[in-house]
Amino acid sequence: MVARIQTVAFEGADARRVDVQVQVTSATKHRFNIVGLADKAVAESRERVWSAFNALGLHLPGKRITINLAPADLPKEGAHYDLPIALGLMAAIGAVPADAIEGFVAIGELSLDGTIAPVPGALPAGVLANSENLGLICPEPNGAEAAWAGDMPLLAPQNLIQLMNHFKGTQVLSRPEPGEMLEKGDGYDLRDVRGQETAKRAIEIAAAGGHNLLMVGPPGSGKSMLAARLPGLLPALTAKELLDVSMVHSIAGLLDRGQLSRARPFRAPHHSASMAAMVGGGARAKPGEASLAHRGVLFLDELPEFTAQVLDSLRQPLETGEISVARVNAHVTYPARFQLIAAMNPCRCGTGGADGVACRRGERCAADYQARVSGPFMDRLDIQIDVPAVTPADLALPPSKEGTKEVSDRVARARAVQLERNGGVTNAELPQNRLDHVAAPDSDGQKLLVQAAETLGLTARGYHRVIKVARTLADLDGSENVHRIHIAESLSHRRANKGLSRPQKSTYYVK
Ligand SMILES: Nc1ncnc2c1ncn2[C@@H]1O[C@H](COP(=O)(O)OP(=O)(O)OP(=O)(O)O)[C@@H](O)[C@H]1O
Ligand SMILES: [Mg+2]
Ligand SMILES: [Zn+2]
């Protein structure tokens, strides 16, 4: 007979249904085959299932076992096929009732002793099961995560024996409770940053419109400190965003005890990060940092220290909000709509060009360092500001009146206005053809913009980004239209034409 059960294959952050068909026939010679475009980890299922069966005292002498994973053209990766294969086999030999498991999707890795070990992807697997009116069987440690997927039947056994007893009716597995929901916390307060009014304003604008931001300044001026305060300013994830973000984190195996969080992700990969770590992929397809930052913030500290290849790989997601990674026999696409915040020193030694602080190596030092980041990459950073060194006088100031609470309230209002007007997207995400409808500057503003574009040599992309930031400034102002003053401020938050300006010569000490 052929026993059937369902499992999933992951394509990007989505789960696709896979049919597991198990046939056991008598044969003189023992055979155990798995067919259906399985990778090495799936092929190794055989050994794990076999050992787990022995541990359970289920012996299969003189049988020919064929496992078919359909559809055959969908690549199957990972160790989560152990459990459906074992269950199908148990049904085929009558150890569990075949009709009882047919209505389930199963995922789980088997240890040699029959324990079911956790696997990534329980949330998308649960979402798929729920939408197809199937139940889900997943490892016990993944139960709290899968429970978020819906109210489908859900079994989360620790081992095969529990599962067998459940189907026999001698032990009842109760439905696990969903994990904890973490609300957006307080985090770091913007009030801790003394002085730096321009930078704080820039962070507020970036938060309000979802704009990418570059901060350039000497060591210790508070760039990392400012970046760490951005998540506190951003509105909590909406229900739809929460699901999207959690799906990606589930695939990456990062949902600890089924905990979800309404706070936007904040990812700060080290500058030594590889391509695979940044955009995903690798031997076993996994989302990278850019996808883990989906709907949140990707913070690149010490920007020029990242390899050119890694930075260029971010250009595609910065435009499209998606990353597509080449695999052996397919492409996988992960969502990656993040807000990029970058920080850097003006030159290698750190101090070049900063308010009178000398760089001993002279002007080339800054030019060489800044040239490590390509023009097209710089062009994608809507707001580029200088963060000068903090003065002792600034540090001695009392905390400012406005902290994260006050600023995030303004951000929330500006966001609400733009989402309503733009049809659900932030100003940063506005497609260019919508700009004329929702962000056309008044005639004075337009005049200023054209003038500035000529003198600054703005690229077409740069030109549109100035308008987008101006739209956000108008939204923060509660202004329906974009006026000259908004264009003027927007222009002031762009350091120069092709990205970085050369610091003033007079600030150098040339030996
Ligand atoms: N504006 C500020 N107000 C209060 N404290 C500050 C300010 N700027 C810097 N600091 C203090 O200096 C420390 C270093 O700041 P931070 O790490 O943000 O600097 P940075 O600009 O990122 O430097 P680097 O270029 O070396 O990475 C902070 O932890 C904080 O204690
Ligand atoms: Mg820093
Ligand atoms: Zn230098």
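Rules used in this analysis
Residues numbered from 1 in each chain as written. Chains lettered and ligands numbered in written order. Predicted model: local features only at pLDDT ≥ 70, side-chain atom pairs only at ≥ 80, totals over all residues. Heavy atoms only, no water. Axes fitted to C-alpha atoms, helices over the stretch in contact; angles between N-to-C directions. Helix = DSSP H or I, 4+ residues; strand = E, 2+ residues; numbered from the N terminus. Left-handed = near helix turned anticlockwise from the far one by under 90°. Contact = heavy atoms within 4.5 Å. Nonpolar A, V, L, I, M, F, W, Y, C, P; charged D, E, K, R; others polar. Phe/Tyr/Trp six-rings, centres within 6.5 Å; stacked < 30°, edge-to-face > 60°. Buried < 20%, exposed > 50% of the residue type's maximum accessible area, 1.4 Å probe, protein only. Near = heavy atom within 4 Å. Polar contact = N/O pair within 3.5 Å; in protein donor to acceptor, adjacent residues only side chain to side chain. Areas by Shrake-Rupley, 256 points an atom, 1.4 Å probe, with all protein chains shown as cover. Expected span 1.5 Å × (residues − 1). Arc of directions from axis to C-beta.

Draft legend 1. Representation of the packing of helix H19 (residues 404-422) against helix H22 (residues 460-477). As a packed pair, H19 and H22 sit with axes 8 Å apart at the nearest point and diverge in direction by 115°. The interaxial crossing formed by H19 with H22 has right-handed handedness. In this structure, H19 uses Arg-410, Ala-414, Val-417, Gln-418 and Arg-421 to contact H22, whose residues at the interface are Arg-471, Asp-475 and Leu-476. Classifying every residue of the contact of H19 with H22 by side-chain character gives three nonpolar, one polar and four charged.

Draft legend 2. Spotlight on the packing of aromatic side chains. For the coordinates displayed, the defined rule picks out three aromatic pairs. With 6.1 Å between their ring centres and 75° between their planes, Phe-104 and Phe-167 make a pair best called edge-to-face. With Phe-104 in strand E5 (residues 104-106) and Phe-167 in helix H7 (residues 160-168), this pair connects stretches of sequence that are 63 residues apart. In terms of burial, Phe-104 and Phe-167 fall into one category: buried.

Draft legend 3. Inspection of the site of ligand 1 at higher detail. Taken together, 16 residues surround ligand 1, and among them Arg-194, Gly-220, Lys-223, Ser-224 and Met-225 come closest. The side chain of Lys-223 places a nitrogen or oxygen atom 2.7 Å from an oxygen atom of ligand 1. Within the side chain of Asn-345, an N or O atom sits 2.9 Å from an oxygen atom of ligand 1. When ligand 1 sits alone it has 630 Å² of accessible area, and the protein chains cover 68% of it. Tallying contributions element by element places helix H9 (residues 223-228) first for the shell around ligand 1, with three residues. Residues belonging to the shell around ligand 1 are distributed by class as follows: six nonpolar, six polar and four charged.

Draft legend 4. A look at unusual backbone geometry. The omega angle of the peptide bond from Ala-70 to Pro-71 is 0°, so this bond is cis rather than trans. Looking at the element boundaries, Pro-71 is found in the loop between strand E4 (63-70) and helix H3 (82-92). Even without glycine at this site, Asn-133 takes up a positive phi of about 55°. Turning to its location among the elements, Asn-133 is positioned in the loop between helix H5 (122-131) and strand E8 (135-137). The exposed category is assigned to Asn-133, whose relative accessible area is 73%.

Draft legend 5. Structural view of H19. The terminal C-alpha atoms of H19, which comprises 19 residues, lie 26 Å apart, in line with the 27 Å expected from a rise of 1.5 Å per residue. Where H19 is concerned, the buried positions are Thr-404, Val-407, Ser-408, Val-411, Ala-414, Arg-415, Gln-418 and Asn-422. Each buried residue of H19 sits inside an arc of 125° when the element is viewed along its axis, so together they form one side. Those residues of H19 that are exposed and aimed more than 90 degrees away from the buried face are Lys-405, Arg-413 and Glu-420. Contact partners of the buried residues in H19: helix H8 (197-209), helix H10 (230-233), strand E17 (339-344), helix H20 (432-438) and H22. Gly-423, located one to two residues past H19, shows a positive phi value of around 75°.

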